[in-house]
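Coordinate analysis (summary)
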Amino acid sequence: MAAAADDPPPAAAEASLRASAKAGAKPRPPLPRIKEIKDVPGELLKSSILEDYGKARGEAIPLTKAANHDAFMRYFRMGDPDFDPQKKATARVSLWRLLSYSTWKERWLMILGVLLATVSGLGLPAWLVLLAQSLDTFSNLGTLISRLGSDGLMDVLKQELLNLCIAFAIVGVVVLFTGAGYVSIWTYTGEKQALRIQTKFLRASLNQDAAWFDNNDREALPTKMSTALVHINNAIGRQVADVYSNAISAIGCLVVALILNLPLSLIMLCVVPIAVIILGLFNMCIRRVKKRADKDMAEAGGIATEVVAGIKTVASLCAQPFFRDQYQSHINESARMSIRAASLSSLLAGITGALFYITYTIAFVIGTEQVVSGADFWLWIKCFISGEANCRVTGASVMCCIYGVILCVTFFGLMGPGLANINLGKAAAVDVFDTLARTPTIDPSSEKGKRIEGGLEGKITFSRLFFFYPNSPNRPIFYDFDLTIQPGQSRELSGSGKSTIARFLLRFYDPNQGDILIDDKYPLTALNVSWWRAQIGYVAQEPIIFPGTIRENIALGKPASDGPPPTDEEVENAAKMACAHDFILNLPNGYDTYYGGTSVQLSGGQMQRLAIARALIRDPKILVLDEATSALDQMSEEHVQAALANIRSEKKITTVTIAHRLTTILDSDAIAVISGGKIAEYGDHETLLHKDGGIYQSLCATQGLTPSDPGSKVVTDDKGSVEASFAASTGVADTLVKTQSVTSTVEEAQEEGLVEKETESEDEEEVEALEVPMATMSSIWHHVGKDGWWTAIGVFGSGIVGALSPCESILTAQIVATFYTAEADQMVEVNMPYILNFLWFALAALVGNGMVGAGLSRSQSNLGAKLRNLAFGSMLKRSMGWFDLPENTTGELTSILGGDVEAVEGLVGLPLGYRVRVLVSIISGVCIALAYSWQVGLVAIACVPFIMGAGMLQVCCLKRKFVESSDGPSPPTIMEQGLRGISSVQAYGLESKVGDDYERALGPESAGKVKQGIIAGSVFGFSQMAVFVSFAIVFAVGSSLLVSGKINFVSFFTSVLAVMFGALGASQVSADFNSRKRGLISAARIFSTFEGPTDGSEEDAGKLVAINGDIQFESCEFSYPARPDFPIFYASQGHDGVDLSVSQKESIGLVGRSGSGKSTILQIVMRFYSITGGSATLDGNEFTDLNVNNLRSQVGYVGQLPTLFNGTVRQNILLGKPDASDAEIISACKAAHCHDFILDLADGYYTEVGAGGNLLSGGQKQRIAIARAIIRDPKVLVLDEATAALDNESQKLVQAALDELQVTQPRTTLTVAHRLLTIKDCDKIAFLGDGGVLEIGTHDELLEMKGHYEELWRMQNAEE
């Protein structure tokens, strides 16, 4: 592959690359240097700004651990040489500050909620006290009855038992109201504060200056901040009260234990430090392993997102196996680490459980000795203080003390998830609260600044500007910039730094030094920001259209703050001036057509015309056009330019235009060429064009504009302007304007997928929701496969763990009964066998939890990895038409690989174990109760629905639709659109409107969450009450049976405790029974990716041929699979579809209006799509008969939007040819004119390009994509606007390189281009439109036809 002879690389760098590649080592980056400072003119070296700059750099670098360029940039940007980003990463906002956005009403409510949470938390300690009292009552009265047999004591016993039952029920009722109250209150106050914080954050973000956005990626910001706001919401709501209530329960149980038996409590508490140490060590290991698992999962998710978003590039490179292997490698490693983390967690649970049962053993041994001895020193002190006559250690005090300490530790453990959520919210709040507290240097919300009375004239003077961007302090943009623009004049800027001038005018940035004067007397920085921006009409290169109707979007140019809203007539006039009126009328609802916020409804050219109309409707004094017509076709561009010229002739508007296409600025009053940080050339077009050796003349030459070209200035100063020249022409143009204004809209709608916004009734939505497909469990088990044995092991282990709590009642009842029935000298001997059985419980807890970790974690992680790998592999096999469907967007598919797989994992993983534990715990409790007392068991069975009914009630209640449907965009969409289009938002003063829209959209959602919170509070209170009331009922029945002599004390106590322990054991497990339904629905979504049309890349079908490049299209018809009713190629007057012939090694250029099918031709050649009619052949073989991978491996493809993948530059280029040598890489990069800039990168060819290549500019990405395409030496080269993102000089160099390649190594080349200069040397050019080929021939032949192509050529002022 030949390299450009005039572009030799530095020999040392090239040798270094080769040597490093051979050694497998990463080349060492060059030492940092700031070349720009050395290039500053001598007179500016005395500038104070440079002195400050040098001083700051000199002070900052020694403070960095690695005195490098990046660290200096970070420190200098932050304005604090001691700034440490690691400290900020670990910073937290205090809980009090989190709650600082509450109102006084909410604060009083939170105080009330805390009081209710206190009472609710004391419910279990109160139950312990009542249980101890009941046991003492039974022990005393039961002994008297058995010895005396007196009927007189029966009434006393019944009354005592009745009082206890009522007390248990009262505790349940109190817990019902207090639990429901505090949950509802804290949910309400949390949602209100969260709504306030979210709204204030968005408003604060929209008011930040550009420097803030430079440090916060506006593309990633919505997702990042949405996640942070969710964490904050969780941290200030119910979680706070839950943690507090659990803390009260823990402290209350501990206090009860200490009061009942202080020595035993203290002995048991000695185990807590051991448990804490074990917990800390295990958690440290678990966090490390989980961090590795999460890292691999995140990297796999990044690969999936990049690959699905760039699926056409991946398919063109035949790189599906490469990315599939990469993805599987990360997923399998993540699964391996997840298994290890879950096993460690289960082992920790087993060790903790075993430690508890060992503690039981020790405690009951000591407690038995206490009961035998009767009393000790501490008990005598207690009795002396309380005045009790009968002072002794009872069995009740021993048992309740033991369980008091155990429950204390349990409740402290239950605080963990809540505290984790609070800490997560406090950490996430750092950036949010910093933004809320930050006052931007340029603040559009401030009322400070002067408003010029009597109106603005429009004169702008730039005087000795010095400026560098905050995030690039070592790259000054302006050194000594001077420019004056008179009122009403137009100034066109060309060269480096031109867009910075536009940012100065909009007050996005202020210069570091120098002045910008308005009307000779007002410093720009002294004017009110919002007032000043209201005087400017701004059109950005990438137009932003907000969700809403077309009419509303145009009207945004004249917000309500500027006066009365624009009338419909004003809106339509602005649209007519921007050449948008015709296509708007052809939309489904005209000006009332709803735009949903995505580009699939409007083409780029249509959005740019709407943005121009939005700028014109405000009747600006100053008009700033930053590549305002770059996305327009030539006819629309000429019309818009003519409209702007007419406006300037009628009104005094100062215009600043920035453009790459010099044809758009020929009629300017003056053109300023910026070079070296200052004005290098200044004058009108003719003057600069005739300046020999000038920069402007060179730029014109690259675009075919020369002094001798009579057509170099089509846009004249004559009053007839462009429209007059159209009318005087051949008449073809006039026909083109009238016919294509309608046709192009239809075609654009066809190719871009314009759809009318449809609304469904609520009934239809509900019906549709009922028909959500669900997978079957048999299909899940099919994918589990051999891991089903692991699932069975884990389920068995879960059953063991679940049965432990109710089985404790057997031993506990026997031990406690012995306290009251055995003689003192025999008590230890009788109790010891029962006590030692707790050691078997310890072993069972260790083994059971170990089985859970080894079994369920393995089956869960392996199933997740298998489903992710299968789903991702299936996606890579799908056809491109499958990806066009709305249900298969990048977001939907990545959510399948993420959240849906997690939901399915729960069907066979740890969530399944939790559900088994709950069921086994309750069933075991009921069975034990039946075994010891069938009457109590039956009552317990009757109470099970009462206990389980709380969860069922919650599921039923939460099925209701609490959030009202809204016709407007969702809050995340508003945030994303507002932050992504921040330039347009601030330029048009829309900060308040976007904030109001966001608050309005959040309202129904917040209100719905409040309703859900109230329901959740009621259900929580009911669930707490159910446990206590059920115990009261069981206790009442059991005590009646005991009094009547139908059961003995052991049977009564065992059955009662079995029910209670079973219920408590179930309540301590977070089991979501509704997750099974979610899992089956998610499984159906995953399985849907396993079926669908394939592109044939994974199949061996098709002919394997060495292609030559002879391409023939005969009467081809085509429509995209997602839009079958909108054909792109079709039979119409004069043709039967597309007829096109490209011979071997011939080059063809494809041109036409937007939506005419230019790119479609290329995608058919790439086998992305298949034609629906006619014939399309390559070397006489139908494209559908060829092997897909064999075809694509011999075709080089470069798309209009270049796609690079996370990795190094070298890795991206090697995707084109994995076995390429370093010499081939360098040769391809030289041919694409990217070798030099690659060597200038930090690590050369080993420099990371970032996700999607975001660390490189658009032009750099496109040149690397071209190098990747040509490194495989393809037989067919497909270029879809391959040089669109390049500047004029780079475009010229790359085009020359491609032309040279075509000469030295001829190949069939298909090129789509809007710039006709890039395809004029092609062997033939085809003009597409009206469903087929309208014109075809060489450049000269098409010009002689005086048809569509000639009109486009003439409008581009290209050289004949």
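Before reading further, recall that the structure is shown in the block above.
In this numbering scheme, every chain counts its residues from 1 along its sequence in written order. Per-residue local features of the predicted model are confined to residues with pLDDT of at least 70, and side-chain atom pairs are confined, for both listing and counting, to 80 or more; whole-chain, interface and lining totals are unaffected and use all residues. To get the side-chain values, take all heavy atoms of the structure and skip hydrogens and water.

Let us now look at the overall build of the protein. Numbering goes from the N terminus for both helices and strands, where a helix is a DSSP run of H or I of at least four residues and a strand is a run of E of at least two. Of the regular secondary structure elements, the protein holds 51 helices and 24 strands. Going through the 1360 residues of the protein one by one, you find that 54% of them count as buried. Per-residue and other accessible areas follow the Shrake-Rupley method at a 1.4 Å probe size, with only the shown protein chains counted as cover for residues. Summed over its atoms, the accessible surface of the protein is roughly 57,000 Å², and 56% of this surface lies on carbon and sulfur atoms. Partly exposed residues are those whose accessible area sits between 20% and 50% of the maximum for their type, while under 20% is buried and over 50% is exposed, using a 1.4 Å probe and protein chains only.

Let us look at the packing of aromatic side chains. We call Phe, Tyr and Trp rings a pair once their centres come within 6.5 Å, taking the six-membered ring for Trp, and we label the pair stacked below 30 degrees between planes, edge-to-face above 60, and tilted otherwise. This model, assessed by the stated rule, comprises 25 aromatic pairs. Relative to Phe-838, the ring of Tyr-357 lies with its centre 6.4 Å away and its plane at 15°, an arrangement referred to as stacked. One end of the pair, Tyr-357, is in helix α16 (residues 320-373); the other, Phe-838, is in helix α33 (residues 824-877), with 481 residues separating them in the sequence. In this pair, the class of Tyr-357 matches that of Phe-838, namely buried. In this structure an aromatic cluster arises from ring pairing among Tyr-357, Tyr-360, Phe-364, Tyr-403, Phe-838 and Phe-841.

With a phi angle near 60°, Arg-507 is a residue other than glycine that sits in the positive phi range. By the element assignment, Arg-507 lies in the loop between α19 (498-505) and β4 (513-518). According to the relative accessible area criterion, Arg-507 is buried, its value standing at 5%. Phi at Lys-1346 is positive, roughly 55°, even though this residue is not glycine. Summarising the element assignment, Lys-1346 is placed in the loop between α50 (1339-1345) and α51 (1348-1355). The class for Lys-1346 is partly exposed, based on a relative accessible area of 44%.

Further remarks concern the nonpolar core. Of all hydrophobic cores here, the largest spans 113 residues; its most connected members are Phe-462 and Ile-554. For this core, the element with the most residues is helix α9 (residues 152-206), which contributes eleven residues. In what follows, a contact means two residues having at least one pair of non-hydrogen atoms within 4.5 Å. Dropping the residues within four chain positions of it, Ile-554 is found in contact with Val-571, Ala-574, Ala-575, Ile-584, Tyr-591, Leu-610, Ala-613, Arg-614 and Ile-617. Note on terminology: a nonpolar core comprises buried Ala, Val, Leu, Ile, Met, Phe, Trp, Tyr and Cys residues joined through side-chain atoms within 4.5 Å. Ranked by size, the runner-up nonpolar core spans 82 residues in total, among them Phe-356, Ala-363, Leu-811 and Ile-835.

Before going further, it helps to spend a moment on helix α43 (residues 1158-1165). Among the eight residues in α43, eight count as buried, and that is most of the element. For α43, the full list of buried residues reads Lys-1158, Ser-1159, Thr-1160, Ile-1161, Leu-1162, Gln-1163, Ile-1164 and Val-1165.

Our next topic: a negative patch on the surface. Together, Glu-1114, Glu-1117, Asp-1136 and Asp-1139 line one region of the surface with negative charge. Among the secondary structure elements, Asp-1136 is positioned in strand β15 (residues 1135-1136). Given the relative accessible area of 48%, Asp-1136 is considered partly exposed. Two joining distances apply to patches: 9 Å for like charges and 5 Å for nonpolar side chains (Val, Leu, Ile, Met, Phe, Trp, Tyr), and every residue must have over 30% relative accessible area and no salt bridge. Take a side-chain nitrogen of Lys or Arg and a carboxyl oxygen of Asp or Glu: if they are within 4 Å of each other, that pair is a salt bridge. In this tally, Asp and Glu contribute negative charge and Lys and Arg positive charge; neither His nor the terminal groups of the chain are included. In this description, the location of a charge corresponds to atom NZ of lysine, CZ of arginine, CG of aspartate or CD of glutamate.

In this structure the tally under the stated criterion is 25 salt bridges. In this structure, Asp-996 and Arg-203 form a salt bridge, with 2.6 Å as the shortest nitrogen-oxygen distance. Of the two residues, Asp-996 is situated in helix α40 (residues 991-1043) and Arg-203 in helix α9; the sequence distance between them amounts to 793 residues. For Asp-996, a relative accessible area of 34% translates into the label partly exposed. According to the relative accessible area criterion, Arg-203 is partly exposed, its value standing at 24%. The residue Asp-568 makes a salt bridge to Arg-551 at a minimum N-O spacing of 3.2 Å. Note that Asp-568 is positioned in helix α22 (residues 568-577) and Arg-551 in helix α21 (residues 550-555), a separation of 17 residues in sequence. A residue is classified by how much of its surface remains accessible, and Asp-568, at 44% relative accessible area, is partly exposed.

Our focus in this paragraph is helix α46 (residues 1222-1231). For α46, the tally of buried residues reaches eight of ten residues, placing the bulk of the element in the interior. At the exit of α46 stands His-1233, carrying a positive phi of roughly 55°.

This part takes up the sheet that holds strand β2 (residues 478-485). Only strands that DSSP links by at least two bridges are regarded as paired with each other. Strand order across the open sheet formed by four strands is β2-β1-β4-β5, with antiparallel pairing between neighbours. Strands at the two margins of the open sheet, each flanked by one partner only, are β2 and β5 (522-523). For strand β1 (residues 460-467) and β4, the ladder comprises five bridges, and the chain directions are antiparallel. Bridge pairing in β4 places Ser-463 opposite Asp-515. Only the stretch in contact is used when a helix axis is fitted, and all axes are lines through C-alpha atoms; the angle between N-to-C directions ranges over 0 to 180 degrees. Its contacts with the sheet put α19 on β1, β2 and β4, and the angle it makes with β1 is roughly 115°.

Turning to the packing of α16 against helix α32 (residues 788-821), a few remarks are in order. Put simply, α16 and α32 touch, their axes get as near as 11 Å, and they point 10° apart. Taken together, the axes of α16 and α32 lie roughly parallel to each other. Both α16 and α32 take part in a crossing whose hand is right-handed. Counting all contacts with α16, which are made through Tyr-357, Tyr-360, Phe-364, Thr-368 and Val-371, the residues of α32 involved are Leu-804, Ser-805, Glu-808, Thr-812, Ile-815 and Phe-819. Taken together, the residues of the contact of α16 with α32 break down into seven nonpolar, three polar and one charged. Under this scheme an angle from 65 to 115 degrees is roughly perpendicular, one under 35 degrees roughly parallel, and one over 145 degrees roughly antiparallel; angles in between are oblique. Working rule for handedness: look at the near helix, and if it is turned counterclockwise from the far one by less than a right angle, call the crossing left-handed; if clockwise, right-handed. Polar here means any residue outside two lists: the nonpolar Ala, Val, Leu, Ile, Met, Phe, Trp, Tyr, Cys and Pro, and the charged Asp, Glu, Lys and Arg; Gly therefore counts as polar.

Another aspect to go through is the sheet that holds strand β17 (residues 1147-1152). The six strands are arranged β20-β21-β22-β17-β23-β24 in an open sheet whose pairing can be described as mixed. Both edges of this open sheet fall to β20 (1195-1198) and β24 (1332-1337), since each of them pairs with a single strand only. Ignoring which end each strand starts from, the neighbouring axes of this sheet average 15° apart. Of the strands in this sheet, β17, β21 (1276-1280), β22 (1308-1312) and β23 (1324-1329) are in contact with α43, which crosses β22 at around 145°.

As a packed pair, helix α13 (residues 262-269) and helix α14 (residues 271-309) sit with axes 4 Å apart at the nearest point and diverge in direction by 20°. Judged on the interaxial angle alone, α14 and α13 are roughly parallel. In contact with Ile-267, Met-268 and Leu-269 of α13, α14 contributes Val-271, Val-272 and Pro-273. Grouping the amino acids of the contact of α13 with α14 by side-chain chemistry returns six nonpolar, no polar and no charged.

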